[in-house]
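Examining the three-dimensional arrangement
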Amino acid sequence: MKKKILYVEDEPFLARIVKETLELKEYHVLHLSEGSGVTESIHRFEPDICILDVMLPHIDGYTLGSMIRKTYPRLPIIFLTAKTQTEDVVKGFSSGGTDYLKKPFSMEELMVRVENQLRLYGAPEVAALPA
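Notes on the structure in this doc start here. (Residues numbered from 1 in each chain as written. Predicted model: local features only at pLDDT ≥ 70, side-chain atom pairs only at ≥ 80, totals over all residues. Heavy atoms only, no water.)

In this section: the pairing of strand β2 (residues 28–32). Pairing of strand β1 (residues 4–8) with β2, which is carried by 5 bridges, proceeds in the parallel orientation. Along β2, the bridge assignment pairs K4 with H28. For the crossover from β1 across helix α1 (residues 12–24) to β2, the handedness is right-handed. (Pairing = 2+ DSSP bridges. Helix = DSSP H or I, 4+ residues; strand = E, 2+ residues; numbered from the N terminus. Right-handed = clockwise from strand over helix to strand, strands pointing away.)

Here it is as structure tokens:
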């Protein structure tokens, strides 16, 4: 079964390249170009991972990350953004991000990070072994 990715990016050219590349790698991608409607889309689409831009119309990515984290505490969130200052990275992680990738980026690096997040957060919980 294909893993599902919710991808929120307002720049059309970049969004098309990323979406098509992810689909070539056998992911099912729902792309949204703005932050409004993301929580409803998550509920309907049930993604395995989210990739969020930070600078979006209506609701910024950090706010989205916080909203998603409250309802879906184990859903991986990768911030993919041009905001590169240390305080931006810190804000990304503190608002629910599980990874942070700065633009410009390579598709190869994005793919590795997606696969890593799915491995880390998609694995079943391991019960403690008896002593």
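The next point concerns the environment of I77. Among the secondary structure elements, I77 is positioned in strand β4 (residues 77–81). You can call I77 buried: its relative accessible area is 0%. Taking the C-alpha atoms as reference points, I77 and I49, 28 residues apart in sequence, are found 6.0 Å from one another. I77 has contacts with C50, L52, G65, I68, R69, G96, G97, T98 and D99, leaving out every residue within four places of it along the chain. (Buried < 20%, exposed > 50% of the residue type's maximum accessible area, 1.4 Å probe, protein only. Contact = heavy atoms within 4.5 Å.)

This paragraph deals with the pairing of β1. Burial within β1 is extensive, with 4 of its 5 residues counted as buried. Pairing of β1 with strand β3 (residues 49–52) involves 4 bridges; the strand directions are parallel. What sits directly across from V8, in β3, is L52.

Strands in a sheet are paired, the pairing made by backbone hydrogen bonds, and the direction either parallel or antiparallel. With respect to topology, 5 strands assemble into an open sheet ordered β2-β1-β3-β4-β5, the strand pairing being parallel. At either end of the open sheet lies a strand with only one pairing partner, and these are β2 and β5 (99–102). On average, each strand axis in the sheet is tilted by 20° relative to the strand beside it, whichever way the strands run. Where β3 meets β4, 3 bridges bridge the pair, whose relative direction is parallel. Bridge pairing in β4 places L52 opposite F79. Against the sheet, helix α5 (residues 107–122) engages β1, β3, β4 and β5, with an angle of about 175° to β5. (Axes fitted to C-alpha atoms, helices over the stretch in contact; angles between N-to-C directions.)

You can see T81 is positioned in strand β4. Classification of T81 by relative accessible area gives buried; the value is 0%. Of note is the side chain of T81, whose polar atom sits 3.0 Å from the backbone nitrogen of K83. Non-local contacts of T81, meaning those with residues more than four positions away in its chain, are made with D53, V54, Y100, L101, K102 and K103. (Polar contact = N/O pair within 3.5 Å; in protein donor to acceptor, adjacent residues only side chain to side chain.)

Glancing now at the packing of aromatic side chains. Tallied over the full model, the rule gives 2 aromatic pairs. Judged by centre distance (6.2 Å) and plane angle (50°), the rings of F79 and Y100 are tilted. Linking F79 in strand β4 with Y100 in strand β5, this pair joins segments that are 21 residues apart in sequence. Put simply, the rings of Y62, F79 and Y100 pair up and form one aromatic cluster. When the ring centre of F45 is taken as reference, the NZ or CZ atom of K4 above it lies at 5.3 Å. (Phe/Tyr/Trp six-rings, centres within 6.5 Å; stacked < 30°, edge-to-face > 60°. Lys NZ or Arg CZ within 6 Å of the ring centre and 35° of its normal.)

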